[in-house]
Structures are given as C-alpha cells and as structure tokens.
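# Structural overview
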Amino acid sequence: MKNLLTTQDELSAGKTTLQDIVDQYIEQIEDSNGTVNAIVSVDKENARARAASIQKKIDHGRAGKLAGSVIAVKDVICEMGKQTTCASNILRNFESVYNATVIEKLAAEDALFLGRTNMDEFAMGSSTENTIFGPARNPHNTEYVTGGSSGGSAAAVAANMCGMSLGSDTGGSIRQPASYCGVVGLKPTYGRVSRYGLVAFASSFDCIGPFAHSVSDAAILLEHLAGVDPMDQSSADRPVEEYSSALQNREKLTIGVPDEFFGDGLDPEIRTIIKDQLSDLETEGHQLVPIHLPHSEFAVATYYILATAEASSNLARYDGIRYGHRADFDSVEEELKKEQIALEKRLEVAAGKEHEELVEKISKADSPLIRLYKKSRTEGFGTEVKRRILLGTYVLSAGYYDAYYGKAQRVRRLIKQDFEEAFQDVDVIVSPTAPTTAFKLGENQDDPLKMYLNDIYTISANLAGICGISVPAGTHSNGLPVGIQFLGNAFEEKNIVRAAHAIEQLHNR
Ligand code: GLN
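Along each chain, residue indices are assigned from 1 in the same order as the chain's sequence is written. Residues qualify for local features only when their pLDDT is at least 70, as the model is predicted, and side-chain atom pairs are given and counted only at 80 or more; totals for whole chains, interfaces and linings, by contrast, use all residues. Only hydrogens and water are set aside when side-chain values are computed; all heavy atoms of the structure are taken into account.

### Details of the side chain of Asn-314
As a reminder, the rule being used: Think of it this way: any DSSP run of H or I at least four residues long counts as a helix, any run of E at least two long counts as a strand, and we number them from the N terminus. Here a polar contact is recorded for every N or O atom pair within 3.5 Å, except that within protein the pair must consist of a potential hydrogen donor and a potential acceptor, and residues adjacent in sequence are included only if both atoms are side-chain atoms. By definition, residues are in contact when any of their heavy atoms lie within 4.5 Å.
With respect to the element layout, Asn-314 can be found in helix H10 (residues 299-314). Side-chain polar atoms of Asn-314 contact the backbone oxygen of Phe-201, separated by 3.0 Å. Apart from residues lying up to four places away in sequence, Asn-314 is in contact with Ala-200, Phe-201, Ala-202 and Ser-203.

### Here's the deal with the site of the ligand
Quick note on the threshold: Here a residue counts as near a molecule or strand whenever at least one of its heavy atoms sits within 4 Å of it. Here the Shrake-Rupley method, with its probe set to 1.4 Å, supplies the accessible areas, and only the displayed protein chains count as covering residues. Classification convention: Asp, Glu, Lys, Arg as charged; Ala, Val, Leu, Ile, Met, Phe, Trp, Tyr, Cys, Pro as nonpolar; all other residues, Gly among them, as polar.
Contacts to the ligand come from 15 residues, most closely from Thr-170, Gly-171, Ser-173, Tyr-303 and Arg-388. Tyr-303 has a polar side-chain atom sitting 2.7 Å from an oxygen atom of the ligand. At 2.7 Å, a side-chain N or O of Arg-388 approaches an oxygen atom of the ligand. Across the complex, the protein chains shield 100% of the 300 Å² of accessible surface that the ligand would expose by itself. Residues that form the shell around the ligand fall into these classes: five nonpolar, seven polar and three charged.

### Considerations on a negative patch on the surface
What counts is decided by this rule: The residues that make up patches have over 30% relative accessible area and no salt bridge, and they are joined within 9 Å when like-charged or within 5 Å when they are Val, Leu, Ile, Met, Phe, Trp or Tyr. Between Lys or Arg on one side and Asp or Glu on the other, a salt bridge is scored when a side-chain nitrogen of the former is within 4 Å of a carboxyl oxygen of the latter. Neither His nor the chain ends contribute to the count of charged residues, in which Lys and Arg are positive and Asp and Glu negative. Where a charge lies is defined by one atom per residue type: Lys uses NZ, Arg uses CZ, Asp uses CG and Glu uses CD. For every residue, the accessible area (1.4 Å probe, protein chains only) is compared with the maximum for its type, and the residue is labelled buried under 20%, exposed over 50%, or partly exposed between those bounds.
Together, Asp-328, Asp-330, Glu-333 and Glu-334 give the surface a local cluster of negative charge. Relative to the assigned elements, Asp-328 resides in the loop between H10 and helix H11 (329-349). Looking at Asp-328, the relative accessible area reads 47%, which means it is partly exposed.

### Examining the packing of aromatic side chains
Quick reminder of the rule: Centres within 6.5 Å make a pair out of two Phe, Tyr or Trp rings, where for Trp the six-membered ring is used; the pair is then stacked when the planes are under 30 degrees apart, edge-to-face when over 60, and tilted otherwise.
Counted according to the given criterion, the structure contains 16 aromatic pairs. Note on Tyr-304 and Tyr-452: the rings are 3.9 Å apart at their centroids and 10° apart in plane angle, and the pair reads as stacked. Placement of the pair is Tyr-304 in helix H10 and Tyr-452 in helix H16 (residues 448-452), with a sequence separation of 148 residues. Pairing Tyr-400 with Tyr-404 gives two aromatic rings, centres 6.0 Å apart and planes at 40°, and the pair type is tilted.

### Details of helix H3 (residues 44-59)
For clarity, the cut-off: A helix is expected to reach a length of 1.5 Å times the quantity of its residues less one. The arc refers to the directions leading from the helix axis to the C-beta atoms.
Taking 1.5 Å as the rise per residue, H3 with 16 residues should run 22 Å; its terminal C-alpha atoms sit 22 Å apart, in good agreement. Ala-47, Ala-51, Ile-54, Gln-55 and Ile-58 are the residues of H3 that are buried. The buried side chains of H3 occupy one side of the element, clustering within an arc of 110° when seen end-on. Within H3, the exposed residues directed more than 90 degrees away from the buried face are Glu-45 and Lys-56. Looking at the packing, one finds that the buried side of H3 touches helix H1 (4-12), helix H2 (18-36) and strand S3 (112-117). Immediately downstream of H3, the backbone of Gly-61 shows phi near 65°, a positive value.

Structure follows, in structure tokens:
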C-alpha cells in the first residue's frame, strides 16, 4: 500500500488523479464489502464531486496538507447531513446537523470522506458484533471478528476500501481492532484531540484517533486531528508537535517491559512474537528495562465500573422525544389502558394484602410519557448497551456509590500513578495489544466477561489518560495478524510513533 506522501507525489506529478483513487476505493467496497461489512454507508456522488474539486486545487498547487487522503469515519463521529447511527436502533434514522471538530479540521486540509464504518453499538464491545448492521468480518479470514468497537474502521483500511480511517478508543477500541486486522491504530492522550461531535460513551475515557496502513500516515493524520478546541473544555491547550517528523529521530529508546502484561492468559505464540521483536529492537541499540505496573490487575474491573457509570448517564439523553427512535404512542396508550383494566378486574375480587398491593400498583402506574420513554429505550437499545446502563446505574445508586464508584475512582488514581512512576525511567512501555488473535464470530457472544478480558492490555491507558499505538508485529500460525502495543506518557505521542516506526522498519528490512 502506498502511503500518503507517495500518493501526494504521484498526484502532483500527474501520474494519477484523485478521482481515479476514489473510484478504486469505491470498486473495492463494491467487491468486498458484501462479505467484510466494514462500511455502512458510502456517499459516492459527494465523494466524486469532492475529488474533482480537490484535484483542481492540486493542479493549481493550492491543495491542503491532506489532499490525496481518502478517509472512512466511524459511525459515532458526526458528519453534517450524514447518518450517524452509532450502530444503534435508537439512532437508526438520525442525521447529524453539524460536523465534529475533527471533520472540520481534516476537511480544511482537503481530506476526503468516503463513507461511514460499522462498529459496536455506542462503541460498547470488542468484536463489532453488537451492531444493527450485522457483524463486520475480518478481511484476513471472514469467519473471524474484526475486533471492536471500531472494527469497521480497522477492516476498511485492511481491505483497502479507504486509505485511512477514524475510530474512537474508550478502552481499546482503536488498538485492539488494529491488532486483529493487521493495521496501525493510535489512541492519543486524553484531551489531545477534540471530542466535540463524538457521540459520548464514557466522557472521561473517549478519544478519537487514526487507523492507517503505516505509522507515518497515522502520525500525519494525528497532526491534523490534534489541538485545543473551544467547543471541548477537556481538550488540551498545548502546542501540537510534528509527529511525522519525529519518525526521522534515530535516537535510541528506553523501552519498559512490564511482567504484568506478559503473564497468564497470553497466547504463548503471541508472547514469542513480541519477545522476538523486542530482542531485534535491542540488537538495534534500544534499551529494554523490566518494570512493574502493580495495579494493572484491577484495570478491567475498574474500567467496567467507571465506564458503565459514565455511559448510564450519557445515554440518559436518548428518550425518544427530542430525536432518535420513538415507540408508537398510540400503542403505548393502548397498552396502559389494557394493564389498567386488568388490574381493576383483579381488584374487584381481591382482599386483604393482595388488595392493598393492587391499590398501590394502580397508584404507581406509569404515566403515558414515562411509558413512552421506557418503550422507546427498550426497543432502541441492544442487549450490551442495556447491560451497561444497568451496571452503571447500579454502581451509582445511593447504597453502592462508595463501595463501587468511589473505590474505582481511587484505583484509577493508583493505576495512573503506576504509569507516572514507570515513565520516570522509560520512554515507552511495550506489551501485546491483545491476549489472543481475532476470535471466531459468535465465539464470545454469550460470555461478556470473556469479551471484556480482551481489553486487558489496552484499558489501563484509558484509565491513566495516556497514549498508545498498535502496530503489526507478525502473523500467528493460525494465519491471523498479531499486534504489538507501545504506551507513552501523556502528550508523548512522538515516542510511541517512533517505537512503532522502529517495528515497522524491522519488517521492511
Ligand atoms: N471493549 C471495550 C468496551 O466494550 C472498549 C470499548 C471502546 O474502547 N470503545 O467498553
């Protein structure tokens, strides 16, 4: 695959046109999306028109820095006039009325947006199976999942349906599918990229980031995604560095190797692949340092308390009134009437305690509005989203708040401190991206705990708010890609792209 800089050279030399490039991607989508199911909507007309107008700018030497990039966008990031469904029935027909800041920023540099990608509903999941569009399939073997929740964005790049894509990472949703699909995926530091226009899942974790074929493309895209935004108070007011120039920096890195990330549960073959890469890096002069992250064993539990708590509150806005799916009001009224008649019939013959209970039940019956909320949400949300809302509401409830939510906040701080200490001595921390390669479709569907454990190596970065990247490290004997992850301290994206680039170069030798 050609990287963006090569494509740009060819475009300015007149060796190809942006219209041709877009047509090739569209052809690829038409050929393979029927099986891979990475893309949920394509805007061919618009894309072709925009290609023509950007091509004109290229011809006149006036094109922006991302001219030549063709990008697919996870269906959780708002693009004006396009459907933003979050793969949920509750937003099935929702059309965004504004652009996310990232869309504005990339468009200003002449990026072209080709289509929207499949995902787990509201970004909750690790396989892109929790989706109204049907599961995405791994381009390396279509019996296997893409990973998730940004599985469509990872698979679209892997299957050459676009040059790059955008995803979101709340607990690993960029890095894990990047690893499963054999592409590069980067989660920036929390606050590095504006979240304005990203539909919220867990606001203190959510990050938008790039998928690409190469580290250099991911670095260039990040340069244009990053930056403070008055529309997002949690975005960081710090200068944006030239991540792509950092790749030229040949200084050796100090790489922390935490035993906690190489223990039980890790596929032995993945361990060998990662260890081999590390010894190659050592041969090249990079330094490996054993480190400890003592609280990492609590990361998954902590995340599933805090992220579900935030999700239960964020998802309260979907009430079927202002936008999104609304249950049929007539049937709601009919249902209530039937229930009332049934209760009153029972009341006529009831006595004693039963009578008292029925009187109370009747007095507490839903109003039509409350029942409309309930029914709209029952019909609108899928099973996993409902599970998260229930968990989140439970951990926030009066009697359990301190025991769960409060305690998890304190553990989050300890996990963050582990990283702060480790980064005093090392530039980056290395680990596998995921404990296994992609699993078979359906394999973990009935076992949410097993599904949650997929994120064991990615989640701590979101708890600590630091950055991470997954880059292809090799191929498993089962034929599926294996990713290696580098974590960097907050706002040290330069270091992780350099480390990932070093791995990429081992493979290009
Ligand atoms: N798999 C994790 C979850 O289900 C992470 C999701 C994400 O990063 N959006 O919550």
